[in-house]
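Here are the chains, one letter per residue:
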Amino acid sequence: MRVCVTGATGRMGDAVRAGATERGWDVLPVSRTAEDARSPADLASVLADERPDALVDFTVPESSVEAVAACAEAGVPAVVGTTGFDDAETEALHEASEAVPVLHAPNFARGVATLAALVEEASETLVGYDVELTETHHRGKRDAPSGTANRLLDAVESPRAARGDDTERVHGREGEHLRGEREVGVHVRRAGDIRGEHEVLFAGNDEVLTLTHRAESRGVFAAGALDAAAWLAGREAGWYDFSEVLHDDA
């Protein structure tokens, strides 16, 4: 397996490189800073000349969109773990998936995929319960709330929408603020080098249910992204979800 890794010197890029090397894969690193990596300006030629089986991208939205566009031109599958895309950037990724397979996930931890399923089940069952979400990441994370937090919020809201219940995401509280019936509280913390923690709390009927996931290492996310890359290689063009990778492994 040959994989191209963009953002190869970032927190996640470094973990992906290490994980791919441990698997015995050939790694083609792309970075603006590493001496042993190719420049992002050379990405198109790297993809065309080296013909990797897949690209794994953990960068920033603008760079990610450019990388996936290059994959579409070269016919290389793309696995994207970058978060914080706006609507136009998300649409650009979907457009690229018309030419090559693209798999985007805000989180590649298997436990988070399970957490999202449990949160959706709890939201469906615990009608009328208050819901609060808290997420914590390292001090350098750009987007807030995290992509994973937004995925979990979608899992909370989907069953409620199916029942015709509206929700309102309230980001933090200050001063006098009586909690409304439709509120889903969202709280973001940024500190140190925390890999990622997410907690969803349901409270009502004189009881509290808390569902929590904590990543102990970035290697968890890297392993999931590499699993996705191996799964995506050779597939037809289209938009894919990480849950499909997990279901095939089950």
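- As recorded by an unreviewed UniProt entry, the chain carries the name 4-hydroxy-tetrahydrodipicolinate reductase and is attributed to Halomarina ordinaria.
- The UniProt entry for the chain carries this comment under Function (unreviewed entry): "Catalyzes the conversion of 4-hydroxy-tetrahydrodipicolinate (HTPA) to tetrahydrodipicolinate."

1. A short note on the environment of F202
Step number 1: Looking at the secondary structure, you find F202 in strand β9 (residues 197–204).
Step number 2: For the pair formed by F202 and A122, sequence separation is 80 residues and the distance between their alpha carbons is 8.1 Å.
Step number 3: Excluding its chain neighbours within four sequence positions, the residues that come into contact with F202 are V119, A122, S123, L126, Y129, D130, V131, E207, V208, L209 and L211.

2. Regarding helix α3 (residues 61–74)
Step number 1: Taking 1.5 Å of rise per residue, the 14 residues of α3 would be expected to cover 20 Å, and the 20 Å separating its terminal C-alpha atoms lies within 8% of that figure.
Step number 2: Structurally, α3 contributes buried residues whose contacts are with β1 (2–6), α2 (43–50), β3 (54–57), β4 (78–80), α4 (87–96) and β5 (101–104).

3. Re helix α8 (residues 242–249)
Step number 1: Every buried residue belonging to α8 is among F242, V245 and L246, and all of these are buried. Down the axis of α8, the smallest arc covering the buried residues is 95 degrees, so these residues share one side.
Step number 2: In this fold, the buried residues of α8 make contact with β5, α5 (110–125), α7 (219–232) and β11 (238–240).

4. Structural notes on the UniProt feature "binding site: (S)-2,3,4,5-tetrahydrodipicolinate" (unreviewed entry) in the chain
Step number 1: The UniProt record annotates "binding site: (S)-2,3,4,5-tetrahydrodipicolinate" (unreviewed entry) at H138, G147 and T148. Taking the annotated residues in turn, H138, G147 and T148 line the largest pocket.
Step number 2: Along the chain, G147 turns up in helix α6 (residues 147–162).
Step number 3: Judged by relative accessible area, which is 14%, G147 ranks as buried.
Step number 4: Structurally, T148 can be placed in helix α6.
Step number 5: Judged by its relative accessible area of 3%, T148 is buried.

Parameters at a glance
- Residues numbered from 1 in each chain as written.
- Predicted model: local features only at pLDDT ≥ 70, side-chain atom pairs only at ≥ 80, totals over all residues.
- Heavy atoms only, no water.
- UniProt positions renumbered as here; feature names shortened; annotations may be inferred.
- Helix = DSSP H or I, 4+ residues; strand = E, 2+ residues; numbered from the N terminus.
- Contact = heavy atoms within 4.5 Å.
- Expected span 1.5 Å × (residues − 1).
- Buried < 20%, exposed > 50% of the residue type's maximum accessible area, 1.4 Å probe, protein only.
- Arc of directions from axis to C-beta.
- 1 Å grid on protein atoms, 1.4 Å probe; cavity = no way out; pocket = protein on both sides within 12 Å on 5 of 7 lines; lining within 4 Å.

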